[in-house]
Amino acid sequence: MAAAHFLPSEDQFLCSVCLDVFTDPVSTSCGHNFCKKCINDYWNTNNQNMCPMCKTVFTSRPELLVNTFISEMVSQFRQSAQQRARCSREKVAKTGEVPCDVCTGTKLKALKSCLVCLVSYCETHLEPHLTASRLKRHQLMDPVENLEGRMCTKHDKPLELFCRNDQTCVCMLCTVLDHKMHNVVPLGDEYEGKLAELGKTEAELQQMIQKRQLKIQEISHSVNLSEEDANREIVKCFKVFTDLKQSVERGQANLLNTIRAKQKNKEKQAQVFIRELEQDIFKLLKRSTEVEHLSRYEDHLHLLQSVQALNIHHPPPTKDWSEVSVPPASYEGTVRRAVSQLEETLSKKIKTLVEVELKRVQKFAVDVTLDPKTAHPQLILSDDGLGDVKKNLPNNPERFSDCVCVLGKQSFFSGKSYFEVHVKGKTDWDFGVIRESMNRKGNITLRPQNGIWTIQLRNGNEYKASAGPSVVLSLKSGPQKVGVFVDYEEGLVSFYDIEAAALIYSFTGCSFKEKLLPYFSPCNNHGGKNAAPAKISPVKLN
């Protein structure tokens, strides 16, 4: 059996004449072997038939026959040599593979790395570590580059443990010296833990990416809705201005420019958000790729060291998009404000437009209820409305101390909202919306700068908008029911006379930063002159 594994060397099959592997080997009577052509050529060039090896002289040229045994051995040797050459070519280290540190010339692929020798060995050069007793004690591992980086720089021992207290790789000596009493585990255990963390991080990153992709869809859908609203408004513009001839052409052009400018602003705003979202997605995809790449590492130490550098517990800095949106632009009052600048002959057209607008904003009606905790002690809240009776109530921070008013429980912090107040028979009142954080103690100055947007009635016929300074309102008749419309994103607060289907006043270009609350002030009784109650009126949709 041992002979079957014997591998003869090339020297045993070399012809002594041509110094190459035998071709058609023949044997002389003296027992030496030559290539048939080589020995014949040798005898042809010499005067006597002599063996080139032992110098035996033959009386006549011997008859040479091919030695079949040697010929078969040579054939096997050639095949074996070709196979070894092919294997050697296959074992040459390729790009990305660890080469043997001992090979000279062509570097073969390393089979193992020794943590004691700090050398990587191919199959041939690894043989001593597998046979020599003193080398068998060395610690071998799968081939890696930068073996020095796997050794403790302080103790020159392999880094085969992980200190969870200091989040670093350590050697055995570190555990009894610098990291004594620390929570130290084998690299393999920490590797599995970090691998699980990477999987969790990858899932979180994918979730963040998905949320941002959904946000892009939401913003794009909102832009489409805004475009539809713009198209509908443009159609309305043409219907209104068709019969106004030359006198209103300039107003028509200005109105169209305003609508389109709003839409352009919405598109630009959306484009900015989408670009930022795509940048977030790019950062997250990049981190996801890095995490996925780390997850494929089979090298415990390399993964742990790379995880520390990547800082997987903290995703790349991205924006919180949960509260970001691009709502459709509001066009309430756009056409009406343009037409109202025309002569008195346009009043019927204005009324028609306001009626349509009022029907539209009434669709955003909310069910407003009064908050007793905010009511001035002089007010009494009932189903009939706001009364005027002094009561002993706790002076809590939410309650108004001097101003005879009360707030609604419902807050407005996004979108559009609408409610109505019945004021028939009253001579004094204030209604509108107020900033939630506004101080409710002492006197209150009604103006937007203080976070309050209201209109008011005084002495039965003096209407004003508390615009700071106040704006006197010229109304043809006193409203019996007032509608209040708020478009939070548009920064718009509008007041309507419901029966007359007329706009009373609009606060435009407001910048709301916090929640808004409905504000109601029936004012003082004035000896019975202002005794009629103010009521929150249900909105009737036509």
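Visitor: Which residues make up the pairing of strand 19 (residues 481-487), and what values go with them?
Guide: Here strand 19 lies mainly inside the structure; seven of its seven residues are buried. Burial of strand 19 is two-sided: the residues K481, G483, F485 and D487 facing one way and the residues V482, V484 and V486 facing the other way are all buried. Two strands pair when backbone bridges link them, and strand 19 and strand 20 (residues 492-497) are joined in this way by six bridges, in the antiparallel orientation. Across the sheet, residue F485 finds its bridge partner in strand 20, namely S494. Here strand 19 hands over to strand 20 after four residues, with G491 in that stretch at a positive phi of 70°.

Visitor: Describe the sheet that holds strand 7 (residues 140-141), listing the residues and the values that go with them.
Guide: Pairing in this open sheet of three strands is antiparallel, and the strands run 6-5-7 from one edge to the other. The sheet is open, and its two edges are formed by strand 6 (119-121) and strand 7, each paired on a single side. Note that strand 5 (residues 112-114) and strand 7 share two bridges and pair antiparallel. Each bridged residue has a counterpart across the sheet, and for S113 the counterpart in strand 7 is M141.

Visitor: Can you explain the pattern of salt bridges? Please cite residues and give values.
Guide: Under the criterion given, the structure shown has 18 salt bridges. Notably, a salt bridge pairs K215 with E218, separated by 3.3 Å at the nearest N-O pair. Of this pair, K215 and E218 both sit in helix 6 (residues 187-241), three residues apart, which is roughly one turn of that helix. The class of E218 is partly exposed, set by a relative accessible area of 41%. Where R287 meets E290, a salt bridge forms, and the shortest distance between an N and an O atom there is 3.5 Å. You can see R287 and its partner E290 sitting in helix 7 (residues 249-295), three residues apart, about one turn around the helix.

Visitor: Requested: an account of empty space enclosed by the protein, with residues and values cited.
Guide: Tallied over the full model, the rule gives one cavity of 30 Å³ or more. Looking at the largest cavity, its volume works out to about 70 Å³. Lining the largest cavity are E233, K236, Y331, E332, G333, T334, V335, R336, L353, V356, E357 and R360. If you list the elements that add at least two residues to the lining of the largest cavity, you get helix 6, helix 9 (334-339) and helix 10 (347-362). With four residues, helix 10 is the single largest residue contributor to the lining of the largest cavity. Of the residues in the lining of the largest cavity, the class split is four nonpolar, two polar and six charged.

Cut-offs used in this document
Residues numbered from 1 in each chain as written. Predicted model: local features only at pLDDT ≥ 70, side-chain atom pairs only at ≥ 80, totals over all residues. Heavy atoms only, no water. Buried < 20%, exposed > 50% of the residue type's maximum accessible area, 1.4 Å probe, protein only. Helix = DSSP H or I, 4+ residues; strand = E, 2+ residues; numbered from the N terminus. Pairing = 2+ DSSP bridges. Salt bridge = Lys/Arg side-chain N within 4 Å of Asp/Glu carboxyl O. 1 Å grid on protein atoms, 1.4 Å probe; cavity = no way out; pocket = protein on both sides within 12 Å on 5 of 7 lines; lining within 4 Å. Points joined across faces, edges and corners; volume = space filled by probe spheres on them. Nonpolar A, V, L, I, M, F, W, Y, C, P; charged D, E, K, R; others polar.

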